[in-house]
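In case you want the letters, here they are:
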Amino acid sequence: MIRSAALLQHGEQSIIDRIEDSPYAINFLEIGLLPGKHISVVQKAPFGGPIAFLVDGHMIALRRTEAELIKVQPMNP
Amino acid sequence: MEIISAKRTKSIALIGNPNVGKSSIFNKLTGLNQKIGNYPGVTVDKSSGVIKKGSAVYELVDLPGTYSLYPNSEDEIIAYRVLTGLDTPKPDFVLVILDACNLERSLLLGTQVMDLGIPMAFLVNMKDLAEENGIHIKVVEFYKALGVPLILTDGRKSEGIEAIRELIFQEKFEIAKPFIAVSDYMPEPMITAIRGKYGFETDYEAFQRMVFSTYNDPSNKGDKAWLLELAKESGFDTQRQQLKETNGRYAKINQLLQKGLKKDKPLDNKLTRRLDKILLHPVLGYTLFFAVMLLIFQAIFAWASVPMDLIDVLFAGMGSWVYETFPSGVLTDLLAEGIIPGIGGVVIFIPQIALLFGFLAFLEDTGYLSRVVFLMDRLMRPFGLHGKSVVPLISGLACAIPGVMAARTIRNSKERLITILVTPWMSCSARLPVYIILIGLTVPDELYFGINLQAIALLSMYLLGTIATLMGALLLRFILKTKEKSFLLTDLPIYRLPRWKAVALTMYSKSKIFVLEAGKVILAISIVLWVLASYGPSNRMDALEEQMELEMAAAPEYQQTEIEERYASQKLENSYIGILGKAIEPAIRPLGYDWKIGIALITSFAAREVFVGTIATIYSIGGDVENELTIREKLDQEVDPETGEKVFNQATGFSLMVFYAFAMQCMSTLAVVYRETKTWKWPIIQTVAMTVIAYLAAFFTYQIFS
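Per-chain numbering applies: the sequence of each chain, read as written, is numbered from 1 onward. Chains carry letters from A onward and ligands carry numbers from 1 onward, assigned in written order. Thresholds applied to this predicted model are a pLDDT of at least 70 for local features of residues and 80 or more for the giving and counting of side-chain atom pairs; totals over whole chains, interfaces and linings are not thresholded and use all residues. Hydrogen atoms and water are omitted, and side-chain values are computed over all heavy atoms in the structure.

(A) Structural detail: the overall build of chain B. For chain B, the count of helices and strands is 30 helices and 12 strands. Computation of the radius of gyration draws on C-alpha atoms alone. For the globule rule, the value is 2.2 Å times the number of residues to the power 0.38. Relative to the compact-globule value of 27 Å for 706 residues, chain B shows a C-alpha radius of gyration of 30 Å, a close match. In terms of principal-axis extent, the alpha carbons of chain B reach across some 95 × 60 × 50 Å. Whether two residues touch is decided by their heavy atoms; if any such pair falls within 4.5 Å, the residues are in contact. For chain B, the proportion of contacts with a sequence separation of at least 24, taken over those separated by at least 6, is 73%. Note that accessible areas follow from Shrake-Rupley with a 1.4 Å probe, and for residues the cover is restricted to the protein chains shown. For chain B, the computed accessible surface area is about 31,600 Å², with 61% contributed by carbon and sulfur atoms. In this tally, Asp and Glu contribute negative charge and Lys and Arg positive charge; neither His nor the terminal groups of the chain are included. The location of each charge is read from NZ of Lys, CZ of Arg, CG of Asp or CD of Glu. With 70 positive and 73 negative side-chain charges, chain B shows a separation of 12 Å between the mean positions of the two kinds. Here a strand is any run of E in DSSP of at least two residues, a helix any run of H or I of at least four, and the numbering for each starts at the N terminus.

This is the structure in structure tokens:
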């Protein structure tokens, strides 16, 4: 089941499936948000603020609108 | 004209991702041999240092951290410009710092540099952290694959620093083989055409130039059209090919990492993860941030006042020492009344600026500042600002100059411009002396529900400034148009203990920038003001002079100082600046100001704090002009000669404070905004708008309270 990273809940372990096309697709690549990487939520800022993700052990913060561009699938147990 | 001599100092550029420990390696290598200069063409501070051994001297240039050679912010453009030799000759060598814990990401930049064909070496930093996490780096494998020297370092513990020095002095840098084949991503004829036009030595430079042409950089002007036309003719989709190239690079990097890296377990920085559960928490996180802000306030108000008082006394002493030591004359007057107070007016702010930037450097070094961006982004967004606007705005509490400069890290140009335009409304330290003296005059020193009224008044002024900043931003959000989308994509680095030396270095360099930037302007203006205040049309001044001499001759000795003081204020009235003050009186009457305050408004256009000094001179206060109490007492007695009312009544005092809260009244900020926006359009609009708003706000304040 593929859905956006913005919908991830605390504790859910997922794998990045792909990054949707956008003007800042290159910035996702450059900061290391690549398909195949392990992703989970660390904290969500209140009132629809940014989300801090753990991506292969590195912490990256994105706004919700950007997180929606990241499509993830659940990690196989 | 540039003279190229054989003995030119060779330069080494230091580049790496943000938070990779670049500055600690830079500091370890250069020690205190650092300087802040300007890059030609672009006006961003260039920090460089010198590495010496015997007669061998190298210049090490610290480039702003970036994830790639495709810049996203004003900051990152520097790295691109320096490495491609856009303004100055290319550096002789490049040191690329890689993150041992995140080689994949840092090699993206690393291999881009390889493709530029400059002799280089890799430093793999934070090796101890990688070892703790069970990451083993096979140096030999990397060397075989990359063909470039590679040193394992730990900048915080000085490990590998000797090896770097050795590498530098023996010039063991090597030119890498191209990491990717540019022809896979760009048609050969295009590469040939661009290389031919610019005389590039490598294919990759051609590719890069093409990508850069899609940026809105002022240096693009002429070539942009040619490059875009070329892309169109060749059916070259720059954005798509750039993505392809980046993906291709990652694929090759991962092949390399398969061979060169052994991981025992997945990376997990437990401490950072646990700390972030608290520090980024929706409730606790904000509570702690608020506590940190309170501590900063405490520091810049309470702690800074001790050294500030000392500086005050010192400069007052210097002024009188000059008077006593040197023969009286124009030069002594200029020195004692113009230059020394001018320099003093700059130096007095150093404690606040150093403390604030010490705190910010501390927070940045620990990794907390990136979390502030995370916490504040949602709050800033409705106002057209970005999470990254918080740092400039907080800096604005000490001084708008470094605040405006800090806005460089914001990549969206609209958000950056709004931040630059509203930062001067944050209540800077130069407003403090103005507020303090006016509050002392007009607000009773009484308790109200257990809280001192004067403290409430001061706090209100700070709140007024902050609210004005946010409202101004909100307004600009609807006025300014942009097609650029705003986004937030930021690395939250691991938490580390701060390096005190680095914090101290930042305090030093920020204070230095302030002294140089603000100092130049304030000093020049204070000299001009001194001249305008000391001279006037000769027919008026000569008459006064004669009169004074007559009176002096007749009076007994004990009255002479009094006469001198009285005439000093009369001379000021008849000086050029006094005439100016009288000329603007009709305009400022509705605000509750007389011509004397008018003079102070004019003089303090250079810098707000000049207001206090000018007022002191105008009301002819003898002796120690820096003594607030004497000024306050004197001003308190000042009455309007016609109405007999107090000049500094509540309405006038409040109106003045409001005026200073809103008006630009700072030449240095004006100059910095010009530098940062590269046009006079914005600083002029900003000054006019701020002054008009200040005038209206002061007008209403006066009308309400009188």
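From this point on, the discussion continues.
(B) Up close: the side chain of Arg499 of chain B. Residue and element names in this part refer to chain B. Mapped onto the secondary structure, Arg499 falls in the loop between β12 (489-492) and α21 (500-534). Throughout, exposure labels follow a simple rule: accessible area from a 1.4 Å probe, protein chains only, divided by the maximum for the residue type, with under 20% read as buried, over 50% as exposed, and the rest as partly exposed. In this structure Arg499 comes out as buried when scored by relative accessible area, which is 17%. Whenever a nitrogen or oxygen atom comes within 3.5 Å of another N or O atom, the pair is scored as a polar contact, on the condition that within protein one atom can donate a hydrogen and the other can accept it, and that pairs from neighbouring residues in sequence are kept only if both atoms are in side chains. Within polar-contact distance, the side chain of Arg499 engages the side chain of Asp365 at 2.2 Å. In contact with Arg499, other than residues within four places in its own chain, are Ser23, Ser24, Arg156 and Asp365.

(C) Inspection of the packing of aromatic side chains at higher detail. Residues and elements named next belong to chain B. Stacked, tilted and edge-to-face are the three classes applied to pairs of Phe, Tyr and Trp rings, where Trp contributes its six-membered ring and a pair requires centres within 6.5 Å; stacked means planes under 30 degrees apart, edge-to-face means over 60, and tilted covers the rest. Applying the stated criterion to the full structure yields 20 aromatic pairs over all chains. Plain terms: the ring middles of Phe207 and Phe236 are 6.4 Å apart, the flat faces sit at 85° to each other, and that makes the pair edge-to-face. Highlighted residues: Phe207 in helix α8 (residues 203-212) and Phe236 in the loop between α9 (221-233) and α10 (238-260), separated in sequence by 29 residues. The exposure class assigned to Phe207 is buried, which follows from its relative accessible area of 1%. The rings of Tyr593, Phe611, Phe659 and Tyr660 are connected pair by pair, giving a single aromatic cluster.

(D) The arrangement of the packing of helix α22 (residues 538-554) of chain B against helix α23 (residues 560-574) of chain B in detail. All names here are of chain B. The axes used here are C-alpha line fits, helices contributing only the stretch in contact, and every angle between their N-to-C directions lies in the interval 0 to 180 degrees. Between α22 and α23, the shortest axis-to-axis distance is 10 Å and the interhelical angle comes to 170°. With respect to each other, α22 and α23 are oriented roughly antiparallel. Within the contact between the two elements, α22 uses Arg540, Met541, Leu544, Glu545, Gln547, Met548, Glu551 and Met552 and α23 uses Gln560, Ile563, Glu564, Arg566, Tyr567, Gln570, Lys571 and Asn574. Residues belonging to the contact of α22 with α23 are distributed by class as follows: six nonpolar, four polar and six charged. Between 65 and 115 degrees an angle is taken as roughly perpendicular, under 35 as roughly parallel, over 145 as roughly antiparallel, and anywhere else as oblique. In this classification, Asp, Glu, Lys and Arg are treated as charged, Ala, Val, Leu, Ile, Met, Phe, Trp, Tyr, Cys and Pro as nonpolar, and every other residue, Gly included, as polar.

(E) Seen up close, the confidence of the model for chain A. Across chain A, the average pLDDT comes to 90, with 97% of residues at or above 70. The pLDDT value expresses, per residue, how confident the predictor is, ranging between 0 and 100. Least confident of the elements in chain A is helix α1 (residues 25-31) of chain A, whose mean pLDDT is 90; most confident is strand β4 (residues 51-55) of chain A, at 93.

(F) Representation of the sheet that holds β12 of chain B within the structure. Taken in spatial order, the seven strands make up an open sheet running β1(A)-β6(A)-β2(A)-β3(A)-β4(A)-β5(A)-β12(B), and their pairing is antiparallel. Across the chains shown, the open sheet's two edge strands, defined by having one partner strand only, are β1 (3-4) of chain A together with β12 of chain B. Strand direction decides the pairing type here: strand β2 (residues 14-19) of chain A and strand β3 (residues 38-44) of chain A, joined by two bridges, are antiparallel. When the sheet's bridge partners are listed, Ile15 of chain A is paired in β3 of chain A with His38 of chain A. Sitting on the sheet, helix α11 (residues 270-279) of chain B touches β3, β4 and β5 (58-62) of chain A, and the angle it makes with β3 of chain A is about 35°. Only when DSSP finds a minimum of two bridges between them are two strands counted as paired.

(G) Highlighting the environment of Ala543 of chain B. Note that Ala543 of chain B resides in helix α22. Sequence separation between Ala543 of chain B and Leu129 of chain B is 414 residues, and the spatial gap between their C-alpha atoms is 79 Å.

(H) Here's a closer look at the pattern of salt bridges. Residue and element names in this part refer to chain B. Any Lys or Arg side-chain nitrogen located within 4 Å of an Asp or Glu carboxyl oxygen qualifies as a salt bridge. The full count for this structure, using the stated rule, is 22 salt bridges over all chains. Arg249 is the salt-bridge partner of Glu245, the closest N and O atoms lying 2.7 Å from each other. Pair noted here: Glu245 and Arg249 are both in helix α10, with a separation of four residues, about one helical turn. Notably, a salt bridge pairs Asp276 with Arg371, separated by 2.8 Å at the nearest N-O pair. One end of the pair, Asp276, is in helix α11; the other, Arg371, is in helix α15 (residues 368-380), and 95 residues separate them in sequence.

(I) Representation of the pairing of strand β5 (residues 93-99) of chain B. All names here are of chain B. Judged by how many residues are buried, β5 sits mostly within the fold: seven of seven residues are covered. Of the pairings in the sheet, the one linking strand β1 (residues 10-16) to β5 comprises five bridges and is parallel in character. Paired with Ile12 across the strands is Phe93, a residue of β5. Summarising the sheet, β5 and strand β6 (residues 120-125) pair through six bridges and their orientation is parallel. Each residue of the ladder has a partner; that of Leu98, found in β6, is Val124.

(J) Just the packing of helix α12 (residues 284-325) of chain B against helix α13 (residues 330-347) of chain B, in detail. Residues and elements named next belong to chain B. Following both chains from N to C, one finds α12 and α13 inclined at 170°, their axes separated by 9 Å at the closest point. As the angle between them shows, α12 and α13 are arranged roughly antiparallel. Two secondary-structure elements touch here, α12 through Ile311, Phe315, Met318, Gly319, Val322 and Tyr323 and α13 through Thr332, Asp333, Leu335, Ala336, Glu337, Ile340, Ile343, Gly344 and Val347. By residue class, the composition of the contact of α12 with α13 is 10 nonpolar, three polar and two charged.

(K) Region of interest: a nonpolar patch on the surface. Residue and element names in this part refer to chain B. To count toward a patch, a residue needs a relative accessible area above 30% and no salt bridge. Like charges then connect within 9 Å, nonpolar side chains (Val, Leu, Ile, Met, Phe, Trp, Tyr) within 5 Å. Together, Tyr674, Trp680, Ile684, Val688, Val692, Leu696, Phe700, Ile704 and Phe705 make up an exposed nonpolar region whose accessible area comes to about 910 Å². Per element, the largest residue contribution to the nonpolar patch is seven residues, and it comes from helix α30 (residues 681-705). Note on placement: Val688 falls in helix α30.

(L) Representation of the interface of chain B and chain A within the structure. Contacts between the two partners involve 41 residues from chain B, matched on the other side by 37 residues from chain A. Between chain B and chain A, roughly 3,300 Å² of surface is buried when both sides are summed, and carbon and sulfur atoms account for 60% of that area. Where chain B meets chain A, there are two salt bridges. On inspection of chain B and its partner chain A, the count reaches 14 residue pairs in polar contact (both at pLDDT 80 or more). Of all the secondary structure elements, the ones that give two or more residues to the side of chain B that touches chain A are α3 (103-114), α10, α11, α15 and β12 of chain B. Looking at the side of chain B that touches chain A element by element, the count peaks at six residues for α10 of chain B. Of the residues contributing to the side of chain B that touches chain A, the split by class is 15 nonpolar, 13 polar and 13 charged. As defined by bridge partners, β5 of chain A adjoins β12 of chain B across four bridges and the pair is classed as antiparallel. When the sheet's bridge partners are listed, Ala61 of chain A is paired in β12 of chain B with Thr490 of chain B. Accessible surface is computed with a 1.4 Å probe, and the buried area is the amount of it that two parts give up when combined, taken over both parts together.

(M) Inspection of the environment of Thr325 of chain B at higher detail. Tracing the backbone through its elements, the reader meets Thr325 of chain B in helix α12. Separated by 333 residues in sequence, Thr325 of chain B and Val658 of chain B place their C-alpha atoms 42 Å apart.

(N) Region of the structure containing the nonpolar core. All names here are of chain B. Formed by 73 residues in total, the largest nonpolar core has its most connected members in Phe289 and Leu385. A total of 11 residues in this core trace back to one element, the largest contributor, which is α12. Those residues in contact with Phe289 that lie beyond four places of it in its chain are Tyr368, Val372, Leu375, Met376 and Val390. By convention a nonpolar core is built from buried Ala, Val, Leu, Ile, Met, Phe, Trp, Tyr and Cys residues, the set being connected through side-chain atoms within 4.5 Å. Core analysis: the next-biggest nonpolar cluster, separate from the first, contains 68 residues, Ile118, Ile135, Val182 and Met190 among them.

(O) Expanded view of the state of the cysteines. Residues and elements named next belong to chain B. Disulfides are defined as pairs of cysteine sulfur atoms found within 2.5 Å of each other. A complete count under the given rule lists zero disulfides over all chains for this structure. Considering cysteine sulfurs only, Cys399 is the nearest to Cys666, which forms no disulfide, with 6.5 Å between them. On the basis of relative accessible area, Cys666 is assigned to the buried category, the value being 12%.

(P) Spatial organisation of helix α25 (residues 595-603) of chain B. Where burial is concerned, most of α25 of chain B is hidden: eight out of the nine residues are buried. Within α25 of chain B, burial applies to Trp595, Lys596, Ile597, Gly598, Ile599, Ala600, Leu601 and Thr603 of chain B.

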